[in-house]
Amino acid sequence: MKRNALLGAVIMLAVTSASEAAADGGTGPLGVTAVAVATPQTARIGALFTAEDAAAGRFVGEHFCTASVVRSPHHNLIATAAHCLEGAGEFVFVPGYRDGQAPYGVWKLDRVLLPEGWSKNQDEDSDVAFATLDERQAKGVEDVVGANRFATGAATGATPVTITGYPHDAEEPVRCTNRPTPHNPTQQRIACPGLTGGTSGSPWVNGNGQVVGVLGGHEQGGATDDVSYSVVLGAEAAELYSAATADP
């Protein structure tokens, strides 16, 4: 699992390339991590908390993973890493979370879907999960913040991707764009500094607004803060998405 480390400067100057990147609607040098500006795109990404902490108003310092809204027929679906949702208890999702505030509300997880490879063997090649959310005021979360499309079968590194996530020691999200490379046939890796504990579950979003990775997988996302991993989203992820979007 991503180890926890203090997020220091606003921008970590570990630049892996001076090239300009275009992913998830943003441009900038590759391999630089900075605080993410609040935009309609970042509103789709949020922090996960326990329902107990949320009910008590305990937000600051209590978020433990990241998730993002993905398109679904019922407008109620988030994607994250399987290791984020394997524990007992109830969880909530706070899209666009910043500085102890929930600008788009607190959404209770209703149904968690884990792939068989993870639920049986905690297989690192199955470290992706979905959860459906309860409605708020007769609306689904996608109706409020929008969503990205969950895409399987994309070639690793075909385009740069942008990762946005919530480090444990930060109360606002950070963001980094770079081009993934293959780690092995079932895992992809990316060089981005400062993606510490809490960023597990962060979406890897390409320039077409598609989620083509979820931070997790190998070593539950990586043993260091500078290199992160995702499972290659293939047949198992596609099957899980179909189950998550099926009529209840």
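What comes next concerns the included structure. None of these values were measured; they are calculated from a predicted model.

A word on the overall build of the protein. Along the backbone of the protein there are four helices and 18 strands. Counting only residues that meet the buried cut, the protein has 55% of its 248 residues in that class. In the protein, the share of contacts with a sequence separation of at least 24, taken over all contacts with a separation of at least 6, comes to 69%. In the structure as shown, the protein presents an accessible area of about 10200 Å², 50% of it carried by carbon and sulfur atoms.

Let us look at the pattern of salt bridges. Under the defined criterion, the tally for this structure stands at four salt bridges. In this structure, lysine 120 and glutamate 116 form a salt bridge, with 2.7 Å as the shortest nitrogen-oxygen distance. Of the two residues, lysine 120 and glutamate 116 both sit in helix 2 (residues 116–121), four residues apart, roughly one turn of that helix.

This brings us to the packing of aromatic side chains. To describe a pair of aromatic rings, one takes the distance between the centres and the angle between the planes. Scanning the model with the defined rule gives eight aromatic pairs in all. Here the aromatic rings of tyrosine 97 and tyrosine 166 are separated by 6.0 Å at their centres, their planes lie at 50°, and the arrangement is tilted. Note that tyrosine 97 is positioned in the loop between strand 8 (91–95) and strand 9 (107–113) and tyrosine 166 in the loop between strand 12 (161–165) and strand 13 (174–178), a separation of 69 residues in sequence. Each member of the pair, tyrosine 97 together with tyrosine 166, is buried.

Another point: a negative patch on the surface. A cluster of acidic residues, Asp123, Glu124, Glu219, Glu236 and Glu239, forms a negative patch on the protein surface. Residue placement: glutamate 236 occurs in helix 4 (residues 235–245). Overall, glutamate 236 belongs to the partly exposed group, its relative accessible area being 32%.

The biggest cluster of nonpolar side chains holds 37 residues, and the ones touching the most others in it are Leu48, Ile78, Leu85, Phe93, Leu109, Phe130 and Phe150. Setting aside residues up to four positions removed in sequence, isoleucine 78 forms contacts with Leu48, Ala67, Ser68, Val69, Val70, Phe93, Leu109, Ala129, Phe130, Ala131 and Leu133.

Before going further, it helps to examine the state of the cysteines. Inspection of the entire model under this criterion finds two disulfides. Between cysteine 65 and cysteine 84 runs a disulfide, and the two sulfur atoms are separated by 2.1 Å. Here cysteine 65 and cysteine 84 share a disulfide; its torsion about the S-S bond, -75°, makes the bridge left-handed. Residue cysteine 65 is found in strand 6 (residues 65–70), and its partner cysteine 84 is found in the loop between strand 7 (77–80) and strand 8; the two are separated by 19 residues along the sequence. Considered together, cysteine 65 and cysteine 84 belong to a single accessibility category, that of buried residues. A sulfur-sulfur separation of 2.1 Å characterises the disulfide bridge that pairs cysteine 176 with cysteine 192. Judged by the sign of its S-S torsion, about -80°, the bond between cysteine 176 and cysteine 192 is left-handed. With cysteine 176 in strand 13 and cysteine 192 in the loop between strand 15 (187–191) and strand 16 (203–205), this pair connects stretches of sequence that are 16 residues apart. Across the protein, the disulfide pattern expressed with sequentially numbered bonded cysteines is 1-2, 3-4.

In an α-helix, one turn spans 3.6 residues; hence positions three or four apart end up facing the same way. Along helix 4, the residues that are buried comprise Ala237, Leu240, Ala244 and Thr245. Buried residues in helix 4, looked at end-on, bunch into an arc of 125°, giving them a common side. Among the exposed residues of helix 4, those pointing more than 90 degrees away from its buried face are Ala235 and Glu239. The elements touched by buried residues of helix 4 are strand 7, strand 9, strand 10 (129–133) and strand 11 (149–150).

Quick look at the sheet that holds strand 6 now. The strand order around the closed barrel built from six strands is 5-6-7-10-9-8, with neighbouring strands paired in antiparallel fashion. Within the sheet, the average angular offset between the axes of one strand and its neighbour, ignoring direction, is 45°. Pairing of strand 8 with strand 9, which is carried by two bridges, proceeds in the antiparallel orientation. Following the sheet pairing, phenylalanine 93 is matched in strand 9 by tryptophan 107. Across the sheet, helix 4 touches strand 7, strand 9 and strand 10, and the angle it forms with strand 10 is around 10°.

Attention now goes to the pairing of strand 14 (residues 181–184). Of the pairings in the sheet, the one linking strand 14 to strand 15 comprises three bridges and is antiparallel in character. From the neighbouring strand, asparagine 184 faces strand 15, where its bridge partner is glutamine 187. Connecting strand 14 to the antiparallel partner strand 15 that follows it, the hairpin turn spans two residues.

The rules behind these values
- Residues numbered from 1 in each chain as written.
- Predicted model: local features only at pLDDT ≥ 70, side-chain atom pairs only at ≥ 80, totals over all residues.
- Heavy atoms only, no water.
- Helix = DSSP H or I, 4+ residues; strand = E, 2+ residues; numbered from the N terminus.
- Buried < 20%, exposed > 50% of the residue type's maximum accessible area, 1.4 Å probe, protein only.
- Contact = heavy atoms within 4.5 Å.
- Areas by Shrake-Rupley, 256 points an atom, 1.4 Å probe, with all protein chains shown as cover.
- Salt bridge = Lys/Arg side-chain N within 4 Å of Asp/Glu carboxyl O.
- Phe/Tyr/Trp six-rings, centres within 6.5 Å; stacked < 30°, edge-to-face > 60°.
- Patch = residues over 30% accessible without salt bridge, like charges linked within 9 Å, V, L, I, M, F, W, Y side chains within 5 Å.
- Lys, Arg positive; Asp, Glu negative; His and termini not counted.
- Charge placed at Lys NZ, Arg CZ, Asp CG, Glu CD.
- Core = buried A, V, L, I, M, F, W, Y, C linked by side-chain atoms within 4.5 Å.
- Disulfide = S-S within 2.5 Å.
- Arc of directions from axis to C-beta.
- Pairing = 2+ DSSP bridges.
- Axes fitted to C-alpha atoms, helices over the stretch in contact; angles between N-to-C directions.

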